[in-house]
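Below are the chains, spelled out letter by letter.
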Amino acid sequence: MTIRATIIFLFLFVTASLGFAFDLEGVELVLGEAVILNGEPVETSPVSLLVSPVLGASVPMRFTDMLYFEPGLRVYGFDQSVIYILDTDGKPVPAARETRNRIEVINFEIRPEIGAIFDLSEKISLGITVAPEITFRLPFAAYDDALGSDQPDTVLNYFLSDGRFFGAYAGGFFSWNFGEGNTFRLKAGTNLPVYHIWDGNDAGFHDQMVLEPEIGFIFLF
């Protein structure tokens, strides 16, 4: 899947969704963590996972009392950096911060969610959500022998090739309207690396899967 095809898909998805009448609820600010799983063997990459804080924002809206749409953006890797090195095959694999030749990557995740909300009362609701998910992983720093080399470009090209920027998100959330015009939301979801279906990865389907627990505050209009 090319970048152009993905952009067209997202455009059609959003355009079709906005064809329904909707009520814009407000703006949500998100804090969370991205837990990136690693399926590579210890001999290749001794780090079993990477953890990085997430900042994000979204715009929740409802089509009906139950059906909702929420386009959003998450960014992670800017503080506790998402770090990779290249293995002997030239594949980026997770690494610890003190590893030589490390490359730091920032992640921009675009997530147009659609799902269902079940209002349990005037203040409490539960929801389920799914979304096509696009993550652009951009190297921004390199160290030791990776500095001034083509290794950052190799990392960038790896994550852009074979549609590795495309995933599928699924999650659930709990919302509490705790005051006039304010809602607190707990959400937990998973970005599934569906590109492993076609990219020939042999490290297991969970390799590069991202778990994302979040806390959100919705400022209602």
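The model shown is predicted, which means the values in this text are computed figures rather than measured ones. Per chain, residues are indexed from 1 in the order of the written sequence. Reporting in this predicted model follows two pLDDT cut-offs: at least 70 for local features of residues, and 80 or more for side-chain atom pairs to be given and counted; totals over whole chains, interfaces and linings ignore these cut-offs and use all residues. In computing side-chain properties, one takes all heavy atoms of the structure into account and sets aside hydrogens as well as water.

A. Structural view of the overall build of the protein. Strands are runs of DSSP state E lasting at least two residues, helices are runs of H or I lasting at least four, and both sets are numbered from the N terminus onward. When you go through the protein residue by residue, the secondary structure sums to two helices and 12 strands. Beginning at the N terminus, the succession of helices and strands in the protein can be written as α-β-β-β-β-β-β-β-β-β-α-β-β-β. Throughout, exposure labels follow a simple rule: accessible area from a 1.4 Å probe, protein chains only, divided by the maximum for the residue type, with under 20% read as buried, over 50% as exposed, and the rest as partly exposed. For the protein, buried positions account for 47% of its 221 residues. Counted over contacts in the protein with a minimum sequence separation of 6, partners at least 24 positions apart contribute 66%. When the accessible surface of the protein is split by element, carbon and sulfur atoms take 66% of a total near 10,700 Å². In this analysis, two residues are considered to be in contact whenever any of their non-hydrogen atoms come within 4.5 Å of each other. All accessible areas in this document rest on Shrake-Rupley with a 1.4 Å probe, and a residue is counted as covered only by the protein chains that are shown.

B. Representation of the pattern of salt bridges. By definition, a salt bridge exists where a carboxyl oxygen of Asp or Glu is found within 4 Å of a side-chain nitrogen of Lys or Arg. With the rule as written, the count across this model stands at 18 salt bridges. We note a salt bridge from Lys 91 to Glu 40, for which the minimum N-O separation is 2.4 Å. Of this pair, Lys 91 sits in the loop between strand E6 (82–86) and strand E7 (92–94) while Glu 40 sits in the loop between strand E2 (26–37) and strand E3 (49–58), and the two are 51 residues apart along the sequence. Residues Lys 91 and Glu 40 agree in their burial class; the two are buried. Three or more residues joined by partner-sharing salt bridges are found here, namely Glu 28, Glu 70, Arg 74, Glu 109, Arg 111, Glu 113, Arg 185, Lys 187, Glu 212 and Glu 214.

C. Representation of the environment of Leu 211 within the structure. Along the polypeptide, Leu 211 turns up in strand E12 (residues 210–220). Between the C-alpha atom of Leu 211 and that of Gly 171, which follows or precedes it by 40 residues, the distance is 9.7 Å.

D. Spatial organisation of the confidence of the model for the protein. Mean pLDDT over the protein works out to 88, with 90% of the residues at or above the 70 mark. In predicted models, pLDDT denotes the confidence assigned by the predictor to each residue on a 0 to 100 scale. Mean pLDDT per element in the protein: helix H1 (residues 3–18) is the minimum at 54, and strand E11 (residues 182–192) is the maximum at 96.

E. Looking closely at the nonpolar core. For our purposes a nonpolar core is just a set of buried Ala, Val, Leu, Ile, Met, Phe, Trp, Tyr and Cys residues, chained together by side-chain atoms within 4.5 Å. Core analysis: the largest hydrophobic core is formed by 16 residues, its most contacted members being Ile 36, Tyr 76, Val 82, Tyr 84 and Ile 103. Elements with a contribution of two residues or more to this core: E2, E3, E6, strand E8 (103–119) and helix H2 (151–160). If one sorts the elements of this core by residue count, H2 sits on top with three residues. Not counting residues within four places of it along the chain, the set of residues in contact with Ile 103 comprises Val 82, Ile 83, Tyr 84, Pro 139, Ala 141, Ala 142, Ala 146, Gln 151, Pro 152 and Val 155.

F. Representation of the packing of aromatic side chains within the structure. Working definition: a ring pair exists when centres of Phe, Tyr or Trp rings (six-membered ring for Trp) sit within 6.5 Å. Plane angles under 30 degrees give stacked, over 60 give edge-to-face, the rest tilted. Applying the stated criterion to the full structure yields seven aromatic pairs. With 5.5 Å between their ring centres and 55° between their planes, Phe 184 and Phe 217 make a pair best called tilted. Here Phe 184, found in strand E11, pairs with Phe 217, found in strand E12; they are 33 residues apart in sequence, far enough to count as distant. A relative accessible area of 36% means that Phe 217 is categorised as partly exposed.

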